[in-house]
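Secondary and tertiary structure notes
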Amino acid sequence: MRRKIAGIVAGIGLTLASGTSALAQELTIFWAEWDPANYLQELVNEYEAETGVRVTVETTPWSDFQTKAFTEFNARGDAYDLVVGDSQWLGAGSTGGHYVDLTDFFKEHNLGEVMAPATVKYYAEYPGNSGKYWAIPLEGDAVGWSYRTDWFEDPKEMEAFKAKYGYDLAPPKDWKQLRDIAEFFHRPDEKRYGVAIYTDNSYDALVMGVENAIFSFGGELGNYETYEVEGYINSDKAVAALEAYKELYQFTPPGWAKTFFVENNQAITEGLAAMSMNYFAFFPALLNEATNPHAKNTGFFANPAGPDGDQFAALGGQGISIVSYSQNKEEAMKFLEWFIRDDVQKRWAELGGYTCHAKTLESEEFRNATPYNEAFYQTMFKVKDFWAVPEFAELLQQINQRIYPYIVGGEGTAKEALDALAVDWTETFKKYDRLQ
Amino acid sequence: MTTDVITRLDPQSHAAKRGLSDLSIRNLFIIPTILFLIVFNIFPLLYSLYYSFTDFRASTNAPANFIGLQNYRELLNDPFIWNNFVITAKYVIVSVAGQVVVGFGVALLLNRDIPYKGLITTLLLLPMMLSMAVVGLFWKLLYDPSFGIINYALGLGTFEWLANPDMALYAVAITDIWMWSPFVMLLSLAGLSAVPKHLYEAAAIDRAGSLYTFFRITLPLVAPILMIAIIFRTMEAFKTFDLAYILTSQPTTEVLSIRLYKMAFQEWQTGRSCALAYIMLIVVVAITNIYVKYLNKVKER
């Protein structure tokens, strides 16, 4: 009997020993399900070839991404060693103790200068200007626009446009032109529509779209240092921006009431819309003839300026953080050291990743690599983001509740919606003791 | 021939040899079930009741502070939550009423001798065998204003079923009616086939009209089983989530459970969402109680 027990114990011991040694050779990165995650998998395969450490990029659909990641964090689970989290998660990730503090790592490798400044500010630092870093900028992203060059360059269209609006038909330089062009191409009888914009109110899609307008109109969501929102989010500029966004909504294809990146790319691939808003990360698919029959006739432009010449774009993109409940933190740290190497960042860009590495971004090679890289490069220096506080999801819910009925349902006025939002946000910030 | 309700243990059996009495066998079956119920149902229920009185957030390390009835007070004073209640009530009424009318109607049609009755009944049951998510996804395609078959068949042009804030909730209800009418139909069929034939014969002899027969014989006798179907469907419709969540994201279709999901798993307001879940539970229990009382009254008749 004793021998039997000894045998079983030895067996269990062996299993455990081999189990842990196998674990040490593996890392799991959690990200959303989209093309860049596939590019990242290709990149980390090269890490495996180099070091023998197997890295898996595990993905889940975007709609589920936040919920799944935070369910795992809240359960203190170690399923993921690293997570490529949204910029607005920084507050919740850091104050909740889910992310490993990377400040020393950041300073040691001088990442504040190695990576583009806007990406460091929005993907890595929390709270703002605190000098505390929780992530390494991994995928830079912002909202840009694609458009149908064949529609824009059609001599008949150009002539008709000039006759109607008094200036040449070309990619819009400001939001006024964007509106005019959308109106011009909006022909429901021909099943052609003016513009595709984000309208999904379940997470941050609609808000991202509206931010593009608000920021370029010179508006702000609030004061990110004092958390004051009254007079910011309901300023005249923000109101005008929201009105402009609503105006665009009338030039969208039918049924455009729950749309995000998939639908907006479809607007181009299906030949529905003249222009479409989307993250740069989704543009590679538009140049691929297998996925876009109009690939040859698709062009790109950066988010146009507002009436006063301000030009900004809503920030997308993510930084990579180490999960504090991971069993493989040291191994993860080694991986990050590899990831920030100049040659790896260059390779990341080649594979299709939007590197945040300043040197790579600035290189002629990168900027000329695709038709949209130049627009991306320019945009990454004029991006702004949503609140990154731990209660960001409540703030998102409140803004969605206020602006969606106005934009899609046509209820009330922009001023009423934003005034009510200012009250909601003020209450929320008071609830969390950020405002007196 | 009579049979015992409890099968006696054969003295020669393995269990008897090991000395397992009827009692221990019963315990063996029942105790795990009760344990399971306590661990997975009763404990979470009580635990979340406690959380509903705190400001706990699962996404932070901050401890839960007891705040009394504040969550309940704030929720019941929130106009958006009241709006969610109104939406849910509208949805429940439209969807359950639709299912009863369609389901009972089809059952009446099927309650006669027609060829291939079994096959037709089985085919009619198909919708409720599908997964909610799948039904949601393909109805989204059916409703599509550009290429959806519904607009094409009805000649509605580019009518926006799901993008139109006033129509979206009804579009979701229509999908639910399509999916769950077969359930009402099935129960109604069982009820209808149990109505004694001689009652109809007596009514025919008395020259009762078909409407009279329906309201005085068919409906009262089927009512108890129909009530059960209504109770089930009301409870389900009240907590509906998948269909509405997949089909559309209109604020006019944000039923309570969607709001609850967002509050609990997107905003991580754990304490407050527990309170909302309790409010929902109380409402469902109250509605069900009213129904059950009514059901008992119907049965007594």
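1. Observations concerning the sheet that holds strand β3 (residues 82–86) of chain A
Pairing between sheet strands relies on hydrogen bonds along the backbone, with the strands arranged either parallel or antiparallel. Residues and elements named next belong to chain A. With mixed pairing, the 5 strands of this open sheet are ordered in space as β2-β1-β3-β10-β4. Unpaired on one side and paired on the other, β2 (54–60) and β4 (136–139) mark the two borders of the sheet. Between one strand and the next, the sheet's axes are offset by a mean angle of 30 degrees, whatever the strand orientation. Direction of pairing for strand β1 (residues 26–32) relative to β3: parallel, over a ladder of 2 bridges. Following the sheet pairing, phenylalanine 30 is matched in β3 by valine 83.

2. Overview of the domain arrangement of chain B
Here chain B is described as being made up of domain 1 (14–51) and domain 2 (70–300). Computed from C-alpha atoms alone, the centre-to-centre distance between domain 1 of chain B and domain 2 of chain B is 35 Å.

3. A closer look at the interface of chain A and chain B
Contacts between chain A and chain B engage 26 residues on the former and 23 residues on the latter. Elements represented by at least two residues in the side of chain A that touches chain B include exactly α3 (62–74), α4 (90–95) and α20 (392–407) of chain A. It is α20 of chain A that provides the largest number of residues to the side of chain A that touches chain B, a total of 6 residues. Its residues assigned to classes, the side of chain A that touches chain B shows 11 nonpolar, 12 polar and 3 charged.

4. Looking at the domain arrangement of chain A
Residue and element names in this part refer to chain A. As far as domains go, chain A holds domain 1 (25–141 + 316–384) and domain 2 (143–314 + 391–431). Put simply, the middle of domain 1 and the middle of domain 2, counted by C-alpha atoms, are 27 Å apart. Facing the 23 residues of domain 1 at the interface are 24 residues of domain 2. Residue assignment for the side of domain 1 that touches domain 2 shows that the elements contributing at least two residues are α2 (35–51), α3, α19 (373–379) and β11 (383–384). Top contributing element to the side of domain 1 that touches domain 2 by residue count: α19, with 4 residues. The residue makeup of the side of domain 1 that touches domain 2, split by class, is 8 nonpolar, 10 polar and 5 charged.

5. A word on the confidence of the model for chain A
Here chain A averages 90 in pLDDT, and 94% of its residues register 70 or above. Contacts from residues 14–23 of chain A, a stretch scored under 50 in pLDDT, to residues over four places away or in other chains number 2 contacts.

6. Let's talk about the environment of tyrosine 203 of chain A
Residue and element names in this part refer to chain A. Within the secondary structure, tyrosine 203 is located in the loop between β6 (193–196) and α11 (205–216). For tyrosine 203, a count of 22 C-beta atoms within 10 Å puts it in the buried group. In this structure, the C-alpha to C-alpha distance between tyrosine 203 and tyrosine 47, residues 156 residues apart in sequence, is 34 Å. Once residues lying within four places of it in the same chain are set aside, the contact partners of tyrosine 203 are Gln66 and Leu396.

Definitions and cut-offs
Residues numbered from 1 in each chain as written. Chains lettered and ligands numbered in written order. Predicted model: local features only at pLDDT ≥ 70, side-chain atom pairs only at ≥ 80, totals over all residues. Pairing = 2+ DSSP bridges. Helix = DSSP H or I, 4+ residues; strand = E, 2+ residues; numbered from the N terminus. Axes fitted to C-alpha atoms, helices over the stretch in contact; angles between N-to-C directions. Domains from an automatic or database assignment. Contact = placed C-beta atoms within 7 Å. Nonpolar A, V, L, I, M, F, W, Y, C, P; charged D, E, K, R; others polar. pLDDT = per-residue confidence, 0-100. Buried ≥ 20, exposed ≤ 12 C-beta atoms within 10 Å, placed from the backbone.

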